[in-house]
Amino acid sequence: MPVKDFLPIGDAKITIEKEVKQKPTIAELTTIESPGNPVPASQLISKKSPQKKKKKTEKSPPSKISSAKRDSILIITEKPQAAQKIAFALGTPKKNTERTTSFYELERNGEKIIVASAVGHLFNLTYVKGQKGWPIFKIEWVPSYISKHASFTKNYYDLLKKLSNKAKEIVLATDYDIEGELIGWNVLRFICNKETAKRMKYSTLTKPELERSYDNSLPEPDWGQAYAGETRHILDWLYGINLSRALMSALKKVDTFKILSIGRVQGPALKIIVDREKEISAFKPEPYWQVFALIKEKGTSTEPLAPQEFKHPEDIFDKQLLDKFKDIKEAEAETKNTEESIQPPVPFDLTTLQREAYAHHGISPAQTLSIAQKLYLDSLISYPRTSSQKIPDSIEPKKILKTLSKNFPEVKIAVRSIPIEGKKSDPAHPSIFPTGEFKILEGNELKLFNLIVKRFISAFSPDAKTANRRVKLTALDKEGKKSDITFTASGLKILEKGWTQVYPARLEEKDIPTLNGKVKIDEIKIEEKETQPPKRFTPASLITLLERKNLGTKTTRSLIIETLFDRGYLDGKSIKATPLGMKLIEALEEYSPIILDENLTKSMEEQMDSILKSKDKNLLPKEKEIIKKAENIIIDISKEFKIKETEIGNKLKEGITDLRKEEQENNTLLQCPTCKQGSLRVIYSKKTRRYFIACSAYPNCRQTYSLPPNSLIKKSDKNCPSCQFPKLLAIRKAKRPWEFCFNPNCEIVKKQREEWEAKKAQWQNKSEEKDK
């Protein structure tokens with residue numbers, strides 16, 4: 001594939017060494033004029049001026065990469081852990097370090113192999129300088145290390161540059177998905193200056209699969225994935241930068257500032273939540289009634305048995321209709337007994353794993369993805385970013401089950417020869433499955449790993465079998481004739497537990513009597529209830545809905561939700577739109593509804609999918625066509641947006657004001673115990689970038705309390721049982737929220753501190769004993 005076919009967005013800004021000219025001596029400089037006669041420069045040297053001592057510059061250690069001929073095969077991975085796994089799978093490698101960055105050398109079949117890694121994306125998109133305002137469309141790939149927060153990527157960039165210069169062949173071994181393909185393609189074209197390379201495709205980081213993947217490398221990258229990945233990045237960047245600038249510009253018009261953003265998926269996703277919030281606000285409860293027929297069973301013991309309830313199948317919304325139930329005294333009973341086989345649940349794809357992890361363990365979708373990625377890099381599970389619910393024979397599932405049996409006795413019931421599978425498939429990877437390797441884990445890692453293992457075992461386990469009983473009562477009128485009024489009850493008994501012995505299931509046994517023929521109705525019970533508003537979304541249910549609507553990708557959906565939280569648009573475990581989120585959607589619905597158009601976003605996803613599935617190598621025209629359409633849409637948005645910029649700004653300003661009031665109320669804890677005048681409030685310091693507690697009567701009262709660093713602090717709904725101070729939650733990324741009391745004088749806190757100090761002393765004593 002010739003270089004000219006690559007996307008010429010702009011040359012990547014790659015640093016090059018320039019020859020530094022030698023500084024001229026003082027004598028070579030022109031004469032320096034001062035008041036009076038000119039003084040030759042040579043005379044200035046004789047004047048001894050105090051010389052500053054030059055700092056000795058530390059010489060960097062000599063490079064371990066020889067400048068020899070191109071004699072090696074360079075394998076490039078996405079992450080350092082993957083490089084290590086591949087190196088040890090292919091041979092007995094020697095580990096080298098170049099400026100704190102590791103790479104591996106080994107020999108295989110007489111060939112010298114070097115394995116090195118990127119560290120995620122080594123290139124990012126940015127706008128070409130000189131463009132002001134919005135919309136802007138000229139963009140280019142630049143090395144990530146240009147940004148301060150990604151300066152650590154410079155060492156990886158430089159190392160790959162050096163290694164590629166002595167490589168006779170390049171093999172890309174980044175994750176096999178659109179992100180991994182793009183990471184590898186950018187390294188290939190911008191660092192290695194190569195047109196193509198071989199491609200390793202694998203789903204686990206186990207030795208046998210990595211060996212097979214290397215020995216059967218694909219002849220070139222998956223260009224469909226590469227172009228789809230690049231197109232997605234460009235679209236997201238163009239939408240993100242332009243629409244976010246539009247919001248900031250609108251705020252500037254009304255003399256307000258807050259960092260806001262919106263994107264092509266963020267907008268529709270936020271609208272879904274705002275629409276649900278509007279439904280809840282507009283909801284008016286209605287009374288309704290449920291009717292039950294009660295039959296008292298005759299027991300053999302002296303204690304009376306609880307009456308058996310049979311429910312009328314319809315809820316009654318007209319109170320006058322209740323009268324028809326009052327005179328029911330008898331009914332004709334009919335019992336039907338059936339048996340049912342319940343198949344095991346289908347194997348995990350990413351969305352199902354995220355949903356189940358939240359349902360069973362309360363682990364958020366973002367945490368689930370993060371933990372699953374770590375388990376994958378530890379070779380414990382297969383690649384988690386998959387849409388597949390298939391278990392192919394190629395992964396040798398029986399071997400995996402045999403290995404798992406050493407630590408999971410549940411394997412003994414996995415007797416099914418062909419596993420249960422779901423409908424969804426993914427051309428890149430199978431479902432998420434355990435590799436058979438084992439490692440001692442704890443916390444959420446252990447919970448998620450066990451969930452994945454047990455789901456896999458259950459797919460090979462027998463069906464659960466239940467005996468179901470359904471009793472139907474048809475009310476008899478005064479003349480003993482059947483009416484149209486019925487009541488039903490259902491019972492269940494587990495005959496064979498099957499897969500439910502392995503994977504957690506919600507099967508509850510319930511015993512009901514067998515009734516046939518005429519029966520006496522002992523009582524008609526009527527319960528009054530009210531209709532309930534729609535439930536708010538949880539992170540797991542929202543991700544499921546986004547998948548169903550084809551908004552975002554399996555990888556980006558959880559990140560999009562996190563971004564909406566970070567921007568202050570959403571709040572709470574049961575996801576609620578904040579005043580700012582509500583006002584933002586109201587403004588866009590009124591003045592620029594195209595930004596929130598789900599169908600437009602879906603259409604773009606379908607176009608990118610067409611690139612992904614294409615077998616054509618020349619995908620650049622298709623990419624350009626999609627990007628050009630997006631640019632035209634953004635131009636249309638800008639025209640209508642700028643006309644109503646002030647109105648949009650005012651709505652956003654209202655939302656920001658309401659949000660700040662709400663945050664102030666939520667962050668107010670209790671009356672200050674020191675001054676008794678102000679209130680203690682949780683405050684965020686931009687200077688220290690951490691939360692602390694201070695009195696609202698500052699500067700008259702300077703009472704403060706420190707809080708855990710590197711955490712988002714929120715008020716919980718509980719009080720400390722000892723001191724009655726409100727408890728707080730410290731929320732950290734990929735960790736379980738920590739609930740604590742912030743009062744240092746609390747008896748519980750004092751006891752915890754004493755226990756910690758005692759443990760610390762023990763550790764110190766043990767350390768000192770070891771040193772001796």
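In short, a report on the structure. (Residues numbered from 1 in each chain as written. Predicted model: local features only at pLDDT ≥ 70, side-chain atom pairs only at ≥ 80, totals over all residues. Heavy atoms only, no water.)

### With respect to the overall build of the protein chain
Logical step 1: Secondary structure assignment for the protein chain yields 18 helices and 24 strands.
Logical step 2: Here the protein chain holds 772 residues, and the buried ones make up 45% of them.
Logical step 3: Taken as a whole, the protein chain presents about 43000 Å² of accessible surface, with 50% of it coming from carbon and sulfur. (Helix = DSSP H or I, 4+ residues; strand = E, 2+ residues; numbered from the N terminus. Buried < 20%, exposed > 50% of the residue type's maximum accessible area, 1.4 Å probe, protein only. Areas by Shrake-Rupley, 256 points an atom, 1.4 Å probe, with all protein chains shown as cover.)

### What about the packing of aromatic side chains?
Logical step 1: The full count for this structure, using the stated rule, is 18 aromatic pairs.
Logical step 2: Consider the rings of Trp 185 and Tyr 227, whose centres lie 4.9 Å apart with planes at 55°: the pair is tilted. Of this pair, Trp 185 sits in helix α4 (residues 178-191) while Tyr 227 is found in helix α6 (residues 223-253), placing the two residues 42 residues apart along the sequence. You'll find Trp 185 and Tyr 227 in the same group, each marked buried.
Logical step 3: Linked through ring pairs, Phe 123, Tyr 145, Tyr 157 and Phe 190 together constitute an aromatic cluster. (Phe/Tyr/Trp six-rings, centres within 6.5 Å; stacked < 30°, edge-to-face > 60°.)

### Quick look at the pattern of salt bridges
Logical step 1: The final tally for this structure, using the stated rule, is 46 salt bridges.
Logical step 2: The shortest N-O distance in the salt bridge between Lys 198 and Glu 169 comes to 3.7 Å. Residue Lys 198 is found in strand β8 (residues 198-199), and its partner Glu 169 is found in strand β7 (residues 167-173); the two are separated by 29 residues along the sequence.
Logical step 3: Note on Lys 198: relative accessible area 35%, which makes it partly exposed.
Logical step 4: Through salt bridges that share partners, Arg 108, Lys 207, Glu 211 and Asp 215 make up one connected network. (Salt bridge = Lys/Arg side-chain N within 4 Å of Asp/Glu carboxyl O.)

### Concerning the sheet that holds β8
Logical step 1: Strands sit in the order β2-β3-β4-β1-β7-β8 across an open sheet of six strands; the sheet is mixed. The outermost strands of the open sheet, each flanked by one partner alone, are β2 (94-98) and β8.
Logical step 2: As paired elements, β7 and β8 share two bridges and run parallel to each other. Following the sheet pairing, Leu 172 is matched in β8 by Arg 199.
Logical step 3: In this fold α4 packs onto β1 (72-77), β7 and β8, with an angle of close to 160° to the strand it touches most, β7.
Logical step 4: The strands that helix α5 (residues 207-215) touches are β1, β3 (101-108) and β4 (111-117); relative to β3, the one it contacts most, it runs at about 75°. (Pairing = 2+ DSSP bridges. Contact = heavy atoms within 4.5 Å. Axes fitted to C-alpha atoms, helices over the stretch in contact; angles between N-to-C directions.)

### Brief notes about unusual backbone geometry
Logical step 1: Residue Pro 135 is reached from Trp 134 by a cis peptide bond, and omega for that bond is 5°.
Logical step 2: For Pro 135, the location among the structural elements is in the loop between β5 (123-127) and β6 (139-143).
Logical step 3: In this structure, Pro 699 follows Tyr 698 across a cis peptide bond, with omega equal to 10°.
Logical step 4: Counting through the fold element by element, Pro 699 comes out in the loop between β20 (690-695) and β21 (704-706).
Logical step 5: One non-glycine residue with positive phi stands out, namely Thr 100, at about 70°.
Logical step 6: Structurally, Thr 100 is set in the loop between β2 and β3.
Logical step 7: Although it is not a glycine, Lys 676 sits at a positive phi angle of roughly 60°.
Logical step 8: Mapped onto the elements of the fold, Lys 676 is located in the loop between β18 (668-671) and β19 (679-685).

### Examining helix α14 (residues 579-591)
A turn of α-helix holds 3.6 residues, and therefore any two residues three or four places apart point the same way.
Logical step 1: When the terminal C-alpha atoms of α14 are compared, their 18 Å separation across 13 residues agrees well with the 18 Å that a helix rising 1.5 Å per residue should span.
Logical step 2: With ten of its 13 residues buried, α14 lies for the most part within the structure.
Logical step 3: Three or more residues of α14 are buried, namely Pro 579, Leu 580, Gly 581, Met 582, Lys 583, Leu 584, Ile 585, Ala 587, Leu 588 and Tyr 591.
Logical step 4: Contacts made by the buried residues of α14 are with α6, α7 (266-282), β17 (576-577), α16 (620-643) and α17 (645-667). (Expected span 1.5 Å × (residues − 1).)

### Observations regarding empty space enclosed by the protein
Logical step 1: Applying the stated rule across the entire model yields two cavities of 30 Å³ or more.
Logical step 2: In this structure, the largest cavity is lined by Tyr 239, Arg 264, Ile 594, Ile 595, Asp 597, Leu 600, Thr 601 and Met 604.
Logical step 3: Tallying contributions element by element places helix α15 (residues 598-613) first for the lining of the largest cavity, with three residues.
Logical step 4: Of the residues in the lining of the largest cavity, the class split is five nonpolar, one polar and two charged.
Logical step 5: Looking at the second largest cavity, its volume works out to about 30 Å³. (1 Å grid on protein atoms, 1.4 Å probe; cavity = no way out; pocket = protein on both sides within 12 Å on 5 of 7 lines; lining within 4 Å. Points joined across faces, edges and corners; volume = space filled by probe spheres on them. Nonpolar A, V, L, I, M, F, W, Y, C, P; charged D, E, K, R; others polar.)

### Structural notes on the pairing of β20
Logical step 1: Pairing geometry for β19 and β20, over six bridges, is antiparallel. Of the residues in β20, the one forming a bridge with Leu 680 is Cys 695.
Logical step 2: Taking the residues that link successive antiparallel strands as the turn, the β19-β20 hairpin has four residues, and the phi of Arg 689 there is positive, at about 55°.
Logical step 3: Alignment of β20 against β21, held across three bridges, turns out to be antiparallel. Each bridged residue has a counterpart across the sheet, and for Ile 693 the counterpart in β21 is Tyr 705.

### Description of the side chain of Ser 261
Logical step 1: Residue placement: Ser 261 occurs in the loop between α6 and α7.
Logical step 2: With relative accessibility at 9%, the residue Ser 261 sits in the buried group.
Logical step 3: Polar contacts involving the side chain of Ser 261 include one to the side chain of Arg 567, which spans 2.9 Å. (Polar contact = N/O pair within 3.5 Å; in protein donor to acceptor, adjacent residues only side chain to side chain.)

### Quick notes on α7
Logical step 1: Taking 1.5 Å per residue as the helical rise, α7 with its 17 residues ought to reach 24 Å, and the 24 Å between its terminal C-alpha atoms agrees with that figure.
Logical step 2: Within the span of α7, buried status applies to Gln 266, Gly 267, Pro 268, Ala 269, Leu 270, Ile 272, Ile 273, Val 274, Glu 277 and Ile 280.
Logical step 3: In this structure, the buried side of α7 is in contact with α12 (539-548), α13 (557-566), β16 (570-571), β17, α14 and α15.

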